[in-house]
Amino acid sequence: MKKRNPWLQTLFWIFVSFLTLFPIYWLFVVSVKPAVDLFTTPEILLSEFYWQNYVDVWTDRTLRGYMMNSLIISSGNALLSTALGFFACYALTRFRMGGKESIFFWTITNRMAPPAVFLLPLFLLMTQVYRVGDFTLLDTRIGMILVYCTFNLPFAIWTLRPTLDGIPRELDEAAFVDGASSWKVISEIVFPLCRPGLAVTLILTWVFAWNEYLLAATLTNFSARTLTTGLSEYVTTTGTEWGIMAAISVFTLIPALIVFTLVQRHIVAGLTFGAVKG
Amino acid sequence: MKTAFRAGASALAIALAAGAAFAQELQIENESWWQEAGARFDGVTLRGVTESTPPSNFISDVLAPKFEELTGIRVDVETTSWDQMYDKAIKDMEAGTGIYDMIYIEQDIVYAYLARDFLVNISQALEENPDLKAAGYAEENFTTFADNFRGEDGDLYGIPMEAFIKIYLYRTDLFGDEEIRAAFQEQTGRELEPAKTHEEYAEIAQFFTSWFQDKGEDVWGSTAQAHTGHPASWYEFFESVAPTFGVYNWGIDPDNNYAASVENGGTMNSDEAKEAMTWWLSMRDIAPPESVQSTWTEVATTFAAGRAAQGLVYGENAAWIATDDTKSRVVGNVGVALPPLAEGVMEAAESGEGYIGYYDGGAFGLPVTSKNQDASLLFLQFMALPEVQEEWAIAAPRITLDSTYDSPKVAELNEELGGYYDMLRDQGYLFKGAPAYPFHAQLREATAPIFYQILTGDLGVDEGLDQMAATAEQELSDLGYRQ
Amino acid sequence: MQSNRLGWILLAPSLLILFLFGVVPFLYVAWLSFHQWNPFAANPDIIYNGAENFRRLVFDAAFLASLGVTIAFVFFAVVSELILGYVLAQAFMKDFPGKAIFRTIHTLPLIMAPIIVGSIWKLMTTPSIGIIPNLLDTWFGLDLNIGQSAAAAFAVTVIMDVWHWTPLVTLTLIAALVSLPPDPFEQAQIDGANKRQIFWHITLPMIAPAVVATVFIRLMDALRTVDEVLMLTGGGPGSATRYLGVHIFKEVFPRTNYGYGSAISVIVLYLTIVACWLLYVSMLAPRNQK
């Protein structure tokens, strides 16, 4: 095969990145303008910066609480969904269980449900049915972590399945013949081979949980409110605080970027692994 | 490139920015009574839900800490978006969960809550518990706006916390500009004054739009809250425009089996309604182009950005548009007037048979499902104390007590707002809130898709309003209100 | 082969959570769908009305219109995302300067919450004050008005969705591509297969499970889209972007039409399951049963 100049690739990606970044750049532009300056013929380049939105966001203690809740809920949920999804996929690919293909398909149907109408039963269940004494799941982080499993767990199962299918069964069977326990096979043979798939699943489940709005808006009130519900507080009848919303979003890019960078290393690791195997 | 920090100059802007400062300033009379009354509720936390508007933020930033300091009762206020606010309160009350001890009730939803017996009768509860009654609280002191929150028995079911009228704003700098006045005089043969009739309004709007178009400047002759997918446009038409043409109560006759179509005795598709729609659409066409995506928020910002010479704007926005120079480019140049009217509408409004525009606002109510009703009653009275209301009127321009108008600080602000408070006090009776329907959002959502199609031009005005009237009657039959 | 009991133990936590938070609420919704219930009707009680809701649904012009635009939206969005996502994933398989940075940039849209994406796209596309209509007008003399033109609003929702979610497709396809064994490709090259043949006969069959999983996820998420479109157009102009998610939201939230809204949801869920099942059976099931 002919080798193309790698710099051409870079050029291509600069173009793609420009398209990807433009709305994010515009988010930044909005965040450094007073609302009234948005209602005019727009200029692409900024001529002055208005930092008050950032000052407001930085000094808002409630928002910090929301940020903490968002971090805990999305990280907790991503870890839980990915771990349970991994075990479930191991079971689905390694055992000859009756009806497993139906179960596999059924899991994804949980993600298809239009969310608006499921809020009422979830609200009722979390306040009146799933409770221990006075403790109810409503407005708790653990409650949100569990609820988010309805869309993230099916996702994890479906994205991990191809990865686990791709690992030859002969590998684990050989280990069993050597006398390894089931746990050892899962943790030392299958798990390392799944790392790229797990990393991608972890990132994406984290993203879905981080961005979820409708469920959080209905099922949290005071103690477990997330950033997305915080954002909606700025859409009011006396004005949408575009600037503040944008400033918060720019802030939220930071933790998200850290999580991404941490997890992406494992995708890269996966890439190298593939190369070595080749 | 330069970095600019803008600081507010007006009294209002400073007040809005420094909410916390009020907590110390706020002097409550009879402090010892509040301390004793609060002692009974040791360890109680009250929880409320409201929309995150300046008046509500004053509750969470100023009133709640002050109340806790006085009584030891903690108050948590959940602020959320307009859509979510109703839904959360309704789910809580419908399921009887008892999450909230106080809920924000916008004037237009109160009849639905009353029909479902969701709210505690505050007048009666205070009568039955005289030891909870605060000396400074007086039901008689509320403005007539409180009547919106009274049941059929005349008792109060909500403590009014905000009240605004939707008014006609115009740019005094443009209306007073000599060159513009002369050109207008030459073109129309009359003086440039705020419009009294729809014809005058349209003439002024057309004049300004073409005047600035010729100059290549981005200023138009009218605002229009004409979003093609958001109920804000529906509200502007039925609550602010249609009444000025004599079409009241959304064109539905509650005394005549909730008829909407002319055929059955309603007015939703009457000639007046069609005239109103045609007029409004023609104003939308010469309004700033963003109007087709404008809700109440964007209309206010459009006006504040100096892109419109005149328009109908909600009163809660009038204050910051006129005074807050961190948000508005037209500070000091805002005039306030009554909306333009068709013939006979003013007479009807004065006699109480009609109204000239929308009186908007909200109250705090006490759900029957609350587990801390007595403590909640204390806080609701606290909100309505004259000394509290006075500070509140400065921080977030809303007035719900008659006595507040007499405060010197409020009088000062009235000047800055071009006499808005005077209008609220003296002419507020000409405005009216949403009709007393228990099916508010239901009817709106049922007819809104057709309404949006009229806005996009997919349906003609006649045909569209006919369809809306038919759909409204169908929906009311389905809901069981129309026999 | 290990004992099946271990398999069930590993599967149990997932099944339990999905049962408690997925199936139980669904049963409630299914039950409601056979009732008339609007808490603000003259009679606020839950009244059994048999299959009346479903009968109404078949003739409900608003629902059918919503279904139509939704199918168009999902089709254009998902197909574009799949093609773009695959091209970009392949591009990432090669080495070039700055690759790590570009990969991070490319994933940035994913981090943004739908309500923010909707807000920012609204600010960018509002007539007269948005940057995009202004640029289109200056450069090409085009008039983009998402508040008046149904086609413009539809196109913007599709482009917004493609912008937001193509990175997800890229990421999942990268994960699939990196775990492919190199041997079949080397063999194919030795046999003199051209690029197209390699794609259709080797790459595609091998990554098919990942592609189907990705299509499923995008398909059902696009079907559920609410926040972004609600912020951008509110479902307008008219009902041009009133996709099913938005339609159901408006039925059950402001209109509190719980009974009828439940019936719509049940039907939508049913249609989605059938569509996915057909896709699944035709593409994947045989291979999994091996």
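Calculation rules
- Residues numbered from 1 in each chain as written.
- Chains lettered and ligands numbered in written order.
- Predicted model: local features only at pLDDT ≥ 70, side-chain atom pairs only at ≥ 80, totals over all residues.
- Helix = DSSP H or I, 4+ residues; strand = E, 2+ residues; numbered from the N terminus.
- Buried ≥ 20, exposed ≤ 12 C-beta atoms within 10 Å, placed from the backbone.
- Contact = placed C-beta atoms within 7 Å.
- Nonpolar A, V, L, I, M, F, W, Y, C, P; charged D, E, K, R; others polar.
- UniProt positions renumbered as here; feature names shortened; annotations may be inferred.
- Domains from an automatic or database assignment.

So, the overall build of chain A
Part 1 of the argument: Regarding its fold elements, chain A presents 13 helices and 5 strands.
Part 2 of the argument: Projected onto its principal axes, the C-alpha positions of chain A cover 70 × 70 × 30 Å.
Part 3 of the argument: For chain A, with 278 residues in total, the buried portion stands at 52%.

Quick notes on the interface of chain B and chain A
Part 1 of the argument: Contact residues are listed per partner, giving 39 residues for chain B and 27 residues for chain A.
Part 2 of the argument: When contributions to the side of chain B that touches chain A are tallied by element, the ones reaching two or more residues are β1 (2-3), β2 (45-51), β3 (74-80), α5 (82-95), α13 (296-304) and α14 (315-323) of chain B.
Part 3 of the argument: Residues belonging to the side of chain B that touches chain A are distributed by class as follows: 11 nonpolar, 14 polar and 14 charged.

Regarding the UniProt feature "transmembrane region" (unreviewed entry) in chain C
Residues and elements named next belong to chain C.
Part 1 of the argument: The UniProt entry lists residues 7-31, 62-89, 110-132, 152-178, 198-220 and 258-280 under the feature "transmembrane region" (unreviewed entry), expressed in the numbering used here.
Part 2 of the argument: Span residues 110-132 is 70% helix and 0% strand, its end C-alpha atoms 21 Å apart.
Part 3 of the argument: For residues 152-178, helix accounts for 100% and strand for 0%, while the C-alpha atoms at its two ends are 38 Å apart.

As for the environment of Pro367 of chain B
Residue and element names in this part refer to chain B.
Part 1 of the argument: Mapped onto the elements, Pro367 comes out in the loop between β9 (357-365) and α16 (373-383).
Part 2 of the argument: For the pair Pro367 and Ile90, spaced 277 residues apart in sequence, the C-alpha separation works out to 10.0 Å.
Part 3 of the argument: Setting aside anything within four residues of it in sequence, one finds Pro367 in contact with Met93, Tyr100, Ile103, Phe118 and Leu119.

Here we look at the domain arrangement of chain A
In many reports, interface size means the accessible area that the parts give up when they come together.
Residues and elements named next belong to chain A.
Part 1 of the argument: Split by domain assignment, chain A resolves into domain 1 (1-50) and domain 2 (59-272).
Part 2 of the argument: Its C-alpha centre places domain 1 at a distance of 30 Å from the equivalent point of domain 2.
Part 3 of the argument: Of the residues lining the interface, 8 residues belong to domain 1; the matching set on domain 2 comes to 8 residues.
Part 4 of the argument: At the level of secondary structure, the elements contributing two or more residues to the side of domain 1 that touches domain 2 comprise α1 (6-31) and α2 (35-38).
Part 5 of the argument: Of the residues belonging to the side of domain 1 that touches domain 2, the class tally is 6 nonpolar, 1 polar and 1 charged.

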